[in-house]
Structure formats: structure tokens, C-alpha cells
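# Structural overview
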Amino acid sequence: TDGKGCQMDAWLSESPAPGGGEDGYHVVCAMSASILYVYRGGVLTASPIEVKVAPDGDVRGPLAAVLQIGNIIRYTHDDGTPLEWEKPPWVIFTTTGKRLKPT
């Protein structure tokens, strides 16, 4: 476990993956209906980021704010040409692989 009560062994690593880790991969543990712990980059830490669920039950907004999840993906091509496109919606999965859909 992560020491906070979550069975996270299969999802967390002791250190970032080579090259800085997988951009956009984060592990979230729901401690209660209103408190989430976020492990940025899927790295086990003694101090995960605590995120409070919005009063209306919105999880995505607070997570997007803390993790700085934007709506646009931007890269620069090898020739210097900027590439930009709208990011597809991000998803949340349970530990059993069930996709949670927004209501």
C-alpha cells in the first residue's frame, strides 16, 4: 500500500520512468467522496497531492487545475513547424480497469 490506505502497488513506481516518466500518467486514490490523493507521474511519494472534489461533485475540474491539464496539445516538428491540435477528453479508470464516465 502507499501508507495512506490505497492498494497502489500495481500502479505506482519507486522513481520516474527514464526520460522523465510518462507525460499525462497520474495515479489517483479516492480517500473519501471529497478527498483525492494524486501521485504525479505514477511515482510513489510520502506526500501525494491532496485534491478536494468540488462541492457539486466535479472531480475533473479540480484534477485538471492541479495537474495543469490543458485542452490543446502542442509540439514542434523537427523542421520547426508548430503542430497543434485539440486534446481528446481524458479518462479516469478504476483499479479493475473500469472507465468512469462523467455524468
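Up top you'll find the structure we're talking about.
Report follows, based on the coordinates. Just so it is clear, the structure is predicted and the values come from calculations on it, not from any experiment.

What counts, and at which threshold
Residues numbered from 1 in each chain as written. Predicted model: local features only at pLDDT ≥ 70, side-chain atom pairs only at ≥ 80, totals over all residues. Heavy atoms only, no water. Helix = DSSP H or I, 4+ residues; strand = E, 2+ residues; numbered from the N terminus. Contact = heavy atoms within 4.5 Å. Buried < 20%, exposed > 50% of the residue type's maximum accessible area, 1.4 Å probe, protein only. Pairing = 2+ DSSP bridges. Axes fitted to C-alpha atoms, helices over the stretch in contact; angles between N-to-C directions. Phe/Tyr/Trp six-rings, centres within 6.5 Å; stacked < 30°, edge-to-face > 60°. Core = buried A, V, L, I, M, F, W, Y, C linked by side-chain atoms within 4.5 Å.

On to the environment of V53, then. For V53, the position within the fold is in the loop between β3 (49–52) and α1 (60–67). In this structure, the C-alpha to C-alpha distance between V53 and I35, residues 18 residues apart in sequence, is 6.1 Å. When residues no more than four places from it in sequence are discounted, the contact partners of V53 are A33, S34, I35, L36, D58, V59 and P62.

What follows is about the pairing of strand β2 (residues 35–40). In terms of residue burial, β2 counts as a mostly covered element, since five of its six residues are buried. Bridge analysis of strand β1 (residues 26–30) against β2 gives five bridges, and the strand direction is antiparallel. When the bridges of β2 are listed, H26 appears paired with R40. From the end of β1 to the start of β2, which pair antiparallel, there are four residues. Examined bridge by bridge, β2 and β3 share four bridges and lie antiparallel to one another.

Quick look at the sheet that holds β3 now. Spatially, three strands are ordered β1-β2-β3 in an open sheet, and the strand pairing comes out antiparallel. Every interior strand has two partners, whereas the edge strands, β1 and β3, have only one. For this sheet, the mean inter-axis angle between neighbouring strands, taken without regard to orientation, is 30°.

Moving on, we come to α1. Listing the buried residues of α1 in full gives R60, P62, L63, A64 and L67. Buried residues along α1 sit in contact with β1, β2, β3, β6 (92–93) and β7 (99–100). Note on α1: the residue one or two positions beyond its end, Q68, has a positive phi of about 55°.

What follows concerns the packing of aromatic side chains. Centre-to-centre distance and the angle between the planes together describe a pair of aromatic rings. Inspection of every chain in the model, using the stated rule, returns one aromatic pair. Consider the rings of Y75 and W85, whose centres lie 5.8 Å apart with planes at 25°: the pair is stacked. Of this pair, Y75 sits in strand β4 (residues 72–76) while W85 sits in strand β5 (residues 82–86), placing them ten residues apart in sequence.

Turning our eyes to something else, we now look at the nonpolar core. Soluble globular proteins tend to bury their nonpolar side chains together. In terms of nonpolar packing, the biggest core is built from eight residues, these being C6, M8, L12, V27, C29, I35, Y37 and Y39. At the level of elements, β1 and β2 are the ones that each hand at least two residues to this core. The biggest single contributor to this core is β2, with three residues. Core analysis: the second largest hydrophobic core is formed by six residues, V38, V51, V53 and L67 among them.

Next up on the list: the environment of L12. With respect to the helices and strands, L12 occurs in the segment before β1. The exposure class assigned to L12 is buried, which follows from its relative accessible area of 15%. Sequence separation between L12 and T45 is 33 residues; the distance between their C-alpha atoms is 9.2 Å.

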